[in-house]
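Per-entry structural report
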Amino acid sequence: SNCLWYWCRCRYNTYYFLGAMLMFWILNLIFSYTASLFFGIIFDVPKYLYNAVGIVGACGWMVYTLFYDGLELHTIYSSFFGSLALGLLSHIMARLKKEPVILFMVPGIIPLVPGGLAFDATKNLILLDFSKAINTMLEVTLIAGAIALGLLFADQISKLIVSGTKFSKKHI
């Protein structure tokens, strides 16, 4: 009897845990999609690109979440991989839709920007807690640099792929 109670309790906790994990991923997907979509609206992206802009932004955020929460990497590395995925997807979507890359990149990067952390750094600076402010501002700067570096790498990778395909067609 005691063993059955323990088995039922463990089974319930496992289902509860799996449900909570599934809800975590679904909510991250929905909110990152809507954030990118609404910033696409603010930045005056054409209406027929709304869905594509939301998908690109959501994919970038989900890669960040996978590395940060799933693989437990530091937020700097996770931001780099998220922006790398975002940049590559932006280039792919720009080629598919025949539109400029910037239309997908700018709204898509919004979920990755460390705005809350920058606010905390400014708050600590105003409250004269300089040690916390300097550490937080350094982290914000490193995250912003990782995002920029990820986008730069994505741009260079896409240029290598495009020039590589043109190069192979010339010599055939």
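Residues numbered from 1 in each chain as written. Predicted model: local features only at pLDDT ≥ 70, side-chain atom pairs only at ≥ 80, totals over all residues. Heavy atoms only, no water.

Overview of the overall build of the protein chain
Counted only if it meets this: Secondary structure is summarised from DSSP: a helix means a run of H or I of at least four residues, a strand means a run of E of at least two, and numbering begins at the N terminus for each. Partly exposed describes any residue whose relative accessible area lies between the buried limit of under 20% and the exposed limit of over 50%, with all areas from a 1.4 Å probe on protein chains only and scaled to the type maximum. Residue contacts follow a heavy-atom distance rule, with two residues in contact if any of their heavy atoms lie within 4.5 Å. In this description, accessible areas are obtained by the Shrake-Rupley approach with a 1.4 Å probe, and a residue is regarded as covered only by the protein chains that are shown.
A tally of helices and strands in the protein chain yields six helices and zero strands. Ordered by position in the sequence, the α and β elements of the protein chain form the string α-α-α-α-α-α. Per-residue burial over the protein chain gives 32% buried out of 172 residues. Considering only intrachain contacts with a sequence separation of at least 6, the fraction spanning at least 24 residues in the protein chain is 63%. By element, 73% of the accessible surface of the protein chain is carried by carbon and sulfur atoms, the whole surface being about 11,300 Å².

Concerning the confidence of the model for the protein chain
Where we set the bar: Per-residue confidence from the predictor is reported as pLDDT, a score between 0 and 100.
When pLDDT is averaged along the protein chain, the result is 86, and 85% of the positions lie at 70 or above. Within the protein chain, the element-level pLDDT minimum falls on helix 1 (residues 2–42), averaging 76, and the maximum on helix 3 (residues 75–97), averaging 94.

Details of the packing of aromatic side chains
Note the threshold: When two rings of Phe, Tyr or Trp (its six-membered ring) have centres within 6.5 Å they constitute a pair, described as stacked for plane angles under 30 degrees, edge-to-face for angles over 60, and tilted for the intermediate range.
Applying the stated criterion across every chain yields a total of seven aromatic pairs. Between phenylalanine 80 and phenylalanine 81, the aromatic rings sit 5.2 Å apart at their centres with planes inclined by 70 degrees, giving edge-to-face as the arrangement. Phenylalanine 80 gets classed as buried once you look at its relative accessible area, which sits at 16%. Taking relative accessible area as the criterion, phenylalanine 81 reaches 29% and is therefore assigned partly exposed. Feature note: the residues Phe67, Phe80, Phe81 and Phe153 constitute an aromatic cluster, connected by ring pairs.

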